[in-house]
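Summary of the model geometry
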Amino acid sequence: MPLAFGLVRDHFEPRSVSGRVGLLASLGGVGLASGLVVAGPIVEHLGYTWLFLLPALVTAVVALAAWLYIPASEALGRVRLPWLPAILLSGSLVLLLLGISQAPRRGWLSAPILVSLVGGVLLAVTWVVSELRAPVPLVDMRLMRRRAVWTTNLIALLVGAGMYSVQAFLPAVLQTPSEVGYGFSASVTHSGLMLLPFAVMSFVGGVIAASVLRRCGPRVATGAACVTASAGLATLGLLHDEVWQIFIALALVGLGFGLVYAALSSLVVGAVPASQTGVAAGMNANIRTIGGSIGVAAMSSIVTAKILPSGFPVESAYTTGFLVLAGVTAVAAVCGLLVPAQVPPPGVIRPEPVPGDPVSGRLSR
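All chains use their own residue numbering, which begins from 1 and follows the written sequence. Local features are withheld for residues below a pLDDT of 70 in this predicted model, meaning they are given only at 70 or higher, and side-chain atom pairs are given and counted only at 80 or more; totals for whole chains, interfaces and linings count all residues. As a rule here, side-chain values come from all non-hydrogen atoms in the structure, and water together with hydrogens is ignored.

1. Describing the nonpolar core
This is how it is decided: The term nonpolar core refers to a set of buried residues drawn from Ala, Val, Leu, Ile, Met, Phe, Trp, Tyr and Cys, joined through side-chain atoms within 4.5 Å. Residue burial is assigned from relative accessible area. The probe radius is 1.4 Å, only protein chains are included, and a residue is buried under 20% of its type maximum, exposed over 50%, and partly exposed in between. Each helix is a run of DSSP H or I of at least 4 residues and each strand a run of E of at least 2, with the numbering of both proceeding from the N terminus. Two residues qualify as a contact provided that any one of their heavy atoms is within 4.5 Å of a heavy atom in the partner residue.
Counting 68 residues, the largest nonpolar core has Ile-155, Val-159, Leu-170, Phe-257, Val-260 and Phe-322 as its most contacted members. Looking at this core, the element that brings in the most residues is helix H11 (residues 243–270), giving 13 residues. Here Phe-322 is in contact with Val-166, Leu-170, Val-173, Leu-233, Leu-236, Gly-237 and Met-299, once residues within four sequence places are set aside. By size, the runner-up hydrophobic cluster in this structure holds 5 residues, among which are Ile-100, Ile-113, Leu-117 and Ala-297.

2. As for the packing of helix H2 (residues 14–45) against helix H9 (residues 196–216)
Keep this limit in mind: Axes, fitted as lines to C-alpha atoms, cover a helix only where it is in contact. Angles between the N-to-C directions of the axes lie from 0 to 180 degrees. Any angle between 65 and 115 degrees counts as roughly perpendicular, while under 35 counts as roughly parallel, over 145 as roughly antiparallel, and the rest as oblique. Here the nonpolar group is Ala, Val, Leu, Ile, Met, Phe, Trp, Tyr, Cys and Pro; Asp, Glu, Lys and Arg are the charged ones; every other residue, Gly included, is treated as polar.
Interhelical geometry of H2 versus H9 gives an angle of 175° and a closest axis separation of 7 Å. The angle between H2 and H9 falls in the class roughly antiparallel. Within the contact between the two elements, H2 uses Ser-18, Gly-19, Gly-22, Leu-23, Ser-26, Leu-27, Val-30, Ala-33, Ser-34 and Val-37 and H9 uses Leu-196, Phe-198, Ala-199, Ser-202, Phe-203, Gly-206, Val-207 and Ala-210. Along the lines of polarity and charge, the residues of the contact of H2 with H9 split into 11 nonpolar, 7 polar and no charged.

3. Focus: a nonpolar patch on the surface
Going by this rule: Patch construction takes residues with relative accessible area above 30% that form no salt bridge. Like charges are linked within 9 Å, and nonpolar side chains (Val, Leu, Ile, Met, Phe, Trp, Tyr) are linked within 5 Å. Only the protein chains shown count as cover for residues, and all accessible areas are computed by the Shrake-Rupley method using a 1.4 Å probe. For salt bridges, the criterion is a side-chain nitrogen of Lys or Arg within 4 Å of an Asp or Glu carboxyl oxygen.
A grouping of Leu-23, Leu-27, Leu-196, Val-200, Phe-203, Val-204, Val-207 and Ile-208 is seen on the molecular surface, where their side chains present a nonpolar patch of about 590 Å² in accessible area. At the level of secondary structure, the elements contributing two or more residues to the nonpolar patch comprise H2 and H9. By residue number, the principal contributor to the nonpolar patch is H9, which donates 6 residues. One can find Leu-196 in helix H9.

4. Description of the environment of Thr-228
Rules: Any pair of nitrogen or oxygen atoms within 3.5 Å is treated as a polar contact; in protein, a donor-acceptor pairing is required on top of that, and neighbouring residues in sequence qualify only through side-chain atoms on both sides.
Among the secondary structure elements, Thr-228 is positioned in helix H10 (residues 218–238). Measuring from C-alpha to C-alpha, the distance between Thr-228 and His-240 comes to 17 Å, with 12 residues separating the pair along the chain. Once residues lying within four places of it in the same chain are set aside, the contact partners of Thr-228 are Leu-252, Leu-255 and Gly-256. A polar atom in the side chain of Thr-228 sits 2.8 Å from the backbone oxygen of Ala-224.

Here's what the structure looks like:
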C-alpha cells in the first residue's frame, strides 16, 4: 500500500492524489473485510489449505500485472538501503508483536513475554538512535515530528485496535450457539456473510473521504469518522440480540473506519515530501498493525477472563470488550482535534520548521 501511494503521487495531478489515495486505502480495508466474508465458503467447500493457495495465486497474477502495466517511477534515483536501521526496526517489531500477541495465553508477567517486550523496546530505541545518525536514514525522524504525521500515527494506533479486534472477535460471537444465551449459531459461511455491511460501508467511507476532507477539513473529518466508528462499537456491545442490530452496528463501524483510514492516508501523504511518501505511509501502516495487536491482546484478556461451564465466554465479557474498544476509538476522536486545521494537498508541500534543521526553517519562512 505505501508503494501504491507513492506511485499515485508520482503519476497523477496533485489535485487528484488525495481522492485516489483515499480510494486505495479504502480498497485495502474492503479487501480485509471481504476476506472474512469469503473465508467461510472456501473452508467449507475447498478446505482450509485453499485459504493460503487462492491468495497465493491471486498475488502471483497481481505481481505479473504490476510488472507489465505499472510505469516506472522517475521521482527517485537509486539509493543504498541502510541495512542496520532496517534490521533493528524489523527486530523490534517482531519482538513487540510476538510479546503482545502471546501475552494473553502465557501471562503478561511471564519471563518470555517480559524478555520479548523489553527486548523490542530496547531495539526500538536503538533503531531511533541509528536513524538520527545515519547519513541516509531509512525513516527520516525529523519528518516523524511533523504535527500532521505524528497525530495521524497516534490516531492510527488507536483505531487499529478497534478495527482488528472487531474482525477477530465478532465472528466468535456470531458462531456461539444460541443455547448459551447469546449468539446466532451461525456457520463459518453465515457469520462471514453477516460481516458484509462492514465491507460495503468501508468502501463507501473511502470513496467519500476526499470530498469530506475538502468540505469539512481534516479535524472535523477525522473526528466525525472516529465518533461514527465508536458509536458502532458501542452498539455492538449493548445491542447484539438481533441480526438487524448487528447490521446497523457493522454499517457504522465500517463507515467510520473506512473514512478515517482513507483520511489518515491522505493526510500523511500530503504532509511529507514526495520522496518520503512510501516511508511515511509505511510507518502509519506499521503503527496501525501494532495498535491492532494491542487491541486484540487486550480484547482476548477481557473475553477469556470468565468462562462458562460450556466453555464459552460469558456474554458480559464481549459487552465489556466492545465498550472498551468504543472508548478507545472515542479517544481517537479527541486526538483528531490535534490534527492541523489545514494540510497542503499532495504535491504542494510547505516544509515546517524542524528544530536543528536551518534549511527547513529557511524554506518555511
